[in-house]
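Working through the structure, step by step
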Amino acid sequence: MEKKLHNFLNSNLLNKYLVGDTSLEESKEVEHFISNYPEAAQAYEELQNNLEIITMASAVEAPNNMLDSILESLEEPKETKVIQLEHRRKTSWYSIAASAAAVLFAATSFMLYQKNIQLNSENNVVVDEIFDLRSDIESNNYKLDKLSRELLKLNNPDSKKYVINGNERAKNLKTVAYINPVEKTSMIDVITLPQLPEDQYYQIWAELQDRMVNLGILDESNRKLKQIPYMEDALALSIKIGTKGDNTNENDTEVAEISLKEK
């Protein structure tokens, strides 16, 4: 039903009915919608108001000496007065016809103006949707390209895969490290990290011959492949629990470790 009302409001029937240019069936249809739908009644009232404004703006003010001329004509002989009345009736008829034509033209122009505004609005909506769609396509293409490059790194024959499982302190912990000694790249994929108190976090460390190097923080809320610094002479990787606010400490609680030495 809403669609039927929408089609009616977008038709030209209200304008035609306003200027008396509808057939009997069309008039019945218009009156039905005006009587049963407040939206149609409001639209018809607005058209009437606009037509009244246009008519008033197009009206011609009567000359100042019109009253004197009428009084003089009344004092003239009967025959002359009849001729004057017939002449004035003819002039009045042409004026009414001209006014009606002007009103019809104004109503049609107003209708076309409304249609033009509606079409411009719909066109702007389509343009915005195309722009948003193009932006989404570009963003998705960028993400796919990035993912493709990461997969190439993982599938590179020179890349070595290391699965890091948690110890007794974090049994459900599991991450995977991908190290490519040829391209000198390191990546880590967080699979699962047991939840910690708010003041603690996980860190990954690289064990060198003479020291430990902090490679960054691990966060399960950002589960995706993460680039970490490549350490040329790393002997092992380990995951430790640190406390927020404290300086990084290689003696923090260790919950996982894997050796990078060739067996």
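Note that the coordinates shown come from a computational prediction; the quantities given were computed from them, not determined experimentally. Starting afresh in each chain, residues are numbered from 1 along the sequence in its written order. The predicted origin of the model limits local features to residues at a pLDDT of at least 70 and limits the giving and counting of side-chain atom pairs to 80 or more, whereas totals for whole chains, interfaces and linings rest on all residues. Here the side-chain values reflect all heavy atoms present in the structure, with hydrogen atoms and water set aside.

Quick look at a negative patch on the surface now. Candidates for patches are residues over 30% relative accessible area with no salt bridge; among them, like charges are joined within 9 Å and nonpolar side chains (Val, Leu, Ile, Met, Phe, Trp, Tyr) within 5 Å. Each accessible area value is a Shrake-Rupley result obtained with a 1.4 Å probe; residue values ignore everything except the protein chains displayed when judging cover. Counted as salt bridges are all cases of a side-chain nitrogen of Lys or Arg within 4 Å of a carboxyl oxygen of Asp or Glu. Asp and Glu count as negative and Lys and Arg as positive, but His and the ends of the chain are not part of the count. To locate a charge, take NZ of a lysine, CZ of an arginine, CG of an aspartate or CD of a glutamate. Where like charges cluster on the molecular surface, the negative patch consists of Asp128, Glu129, Asp132 and Asp136. Residue placement: aspartate 128 occurs in helix H6 (residues 78-155). Burial classes follow relative accessibility: with a 1.4 Å probe on protein chains only, a residue under 20% of its type's maximum area counts as buried, one over 50% as exposed, and anything between as partly exposed. Accessibility expressed as a relative area gives 48% for aspartate 128, which makes it partly exposed. Only DSSP runs of H or I with at least four residues qualify as helices, and only runs of E with at least two residues qualify as strands; both kinds are numbered from the N terminus onward.

Whether two strands pair comes down to DSSP finding at least two bridges between them. Reading across from one edge, S5-S4-S7-S8 is the order of the four strands in this open sheet, with antiparallel pairing throughout. Among the strands making up the open sheet, the edge pair consists of strand S5 (212-218) and strand S8 (253-259). On average, each strand axis in the sheet is tilted by 25° relative to the strand beside it, whichever way the strands run. Pairing geometry for strand S7 (residues 236-243) and S8, over six bridges, is antiparallel. A fitted line through C-alpha atoms represents every axis, and for helices the fit uses only the stretch in contact; the resulting angles, taken between N-to-C directions, go from 0 to 180 degrees.

Residue position: leucine 215 is located in strand S5. With relative accessibility at 8%, the residue leucine 215 sits in the buried group. Between the alpha carbons of leucine 215 and isoleucine 228 there is a distance of 6.2 Å; along the sequence they are 13 residues apart. Aside from chain neighbours lying at most four places away, what touches leucine 215 is Ile204, Trp205, Ala206, Ile228, Pro229, Met231 and Leu237. Contacts are assigned to residue pairs with any non-hydrogen atoms lying within 4.5 Å of each other.

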